[in-house]
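# Results of the structural survey
Okay, here's what each chain looks like letter by letter:
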Amino acid sequence: MKKFTALLAAMMALLMLFTACAKTPADDTKEPVNTIEGAPMELLGGLVTDAEIPFMCENAELSAENVEWLLGLTADDYSANVVNGAVSMAMMSAQAHMVALLECKDFEAAKAVKEKLHTQFDIRRWVCVIPEMCYVIDSGKYVFFVASGVDFGEALLTGFKALAQDNVGERLDVEGATGKVDMNEDIDPEMGVDAMGMAE
């Protein structure tokens, strides 16, 4: 009887082991999904409004013609990877603030654009000021880029995560975002430039 009991226990142990091995392991490489829908210009407008940016900004559609000057992404990379994109930036050149949302062709294109923005954006494009915070983050086929003050950068990040239902990838911080900028400081209008670098 004891031998039978021991044999039964051994068989049960083997059965539990095989059952555990047969279970599907945690999928750490699951396919990305889209939780964002809509045109970048409309979505970006909502994010900027919700972040309560207190100064005047100009919104523009991104294109192969202006994307390199604005974000450092080449025209070829933009055309190959992006369906549509929009940018919002401070009208005064003394305010280091720029936000962009790009809808890419697929998940792989989004990853490629994210990495290129992370490495190719010129954080010193404003010459006299440097943004306190600069990062790029993705969700599905959308890539979100922010260069701004810390308070606004955090507010925009919170808004994007809410829009994406927390379905976001790793945030990549652009090196060099160490400037301290008073984004609410009154600035002489004669020092301002518009979003395309033309004197007002």
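Residues numbered from 1 in each chain as written. Predicted model: local features only at pLDDT ≥ 70, side-chain atom pairs only at ≥ 80, totals over all residues. Heavy atoms only, no water.

What the 6 strands build is an open sheet, ordered 1-2-3-5-4-6; its pairing is antiparallel. Whereas interior strands pair on both sides, the edge strands pair on one side only; in this sheet they are strand 1 (57–61) and strand 6 (172–173). Here strand 4 (residues 133–139) runs beside strand 5 (residues 142–148); their pairing, made up of 7 bridges, is antiparallel. Looking across to strand 5, one finds that Cys134 is bridged to Ala147. Seen against the sheet, helix 2 (residues 40–50) touches strand 1, strand 2 (82–90), strand 3 (98–104) and strand 5 and runs at an angle of roughly 30° to strand 2. (Pairing = 2+ DSSP bridges. Helix = DSSP H or I, 4+ residues; strand = E, 2+ residues; numbered from the N terminus. Contact = heavy atoms within 4.5 Å. Axes fitted to C-alpha atoms, helices over the stretch in contact; angles between N-to-C directions.)

To continue, consider the packing of helix 2 against helix 6 (residues 150–163). Two packed helices can be described by the angle between their axes and the distance between those axes. For the pair helix 2 and helix 6, the least separation of the axes is 9 Å and the interaxial angle reads 130°. Considered as vectors, helix 2 and helix 6 are oriented oblique to each other. For the element pair helix 2 and helix 6, the recorded crossing hand is right-handed. Here Leu43, Leu47 and Val48 of helix 2 lie close against helix 6, whose contacting residues are Leu156, Gly159, Phe160 and Leu163. (Parallel < 35°, antiparallel > 145°, perpendicular 65-115°, else oblique. Left-handed = near helix turned anticlockwise from the far one by under 90°.)

Under the definition given, this model contains 4 aromatic pairs. Where Phe144 meets Phe160, the ring centres are 4.7 Å apart and the plane angle is 15°; that geometry is what we call stacked. You can see Phe144 sitting in strand 5 and its partner Phe160 sitting in helix 6, a full 16 residues away along the chain. For the pair Phe144 and Phe160, a shared accessibility class is recorded, and that class is buried. Each residue in the set Phe121, Trp126 and Phe145 is aromatic and connected to the rest through ring pairs, giving one cluster. The cationic tip of Arg125 hangs over the ring face of Trp126; the distance from NZ or CZ to the ring centre is 5.4 Å. (Phe/Tyr/Trp six-rings, centres within 6.5 Å; stacked < 30°, edge-to-face > 60°. Buried < 20%, exposed > 50% of the residue type's maximum accessible area, 1.4 Å probe, protein only. Lys NZ or Arg CZ within 6 Å of the ring centre and 35° of its normal.)

Attention now goes to the pattern of salt bridges. Considering all chains together, one arrives at 4 salt bridges under this definition. A salt bridge links Asp77 to Lys116; the nearest nitrogen and oxygen atoms lie 3.5 Å apart. With a gap of 39 residues between them, Asp77 in helix 4 (residues 75–81) and Lys116 in helix 5 (residues 107–120) connect regions that are remote in the sequence. Judged by relative accessible area, which is 18%, Asp77 ranks as buried. For Asp138, the salt bridge identified is with Lys111, shortest N-O distance 2.8 Å. Here Asp138, found in strand 4, pairs with Lys111, found in helix 5; they are 27 residues apart in sequence, far enough to count as distant. The class of Asp138 is buried, set by a relative accessible area of 3%. One continuous salt-bridge network, built from bridges that share partners, spans Lys111, Lys114 and Asp138. (Salt bridge = Lys/Arg side-chain N within 4 Å of Asp/Glu carboxyl O.)

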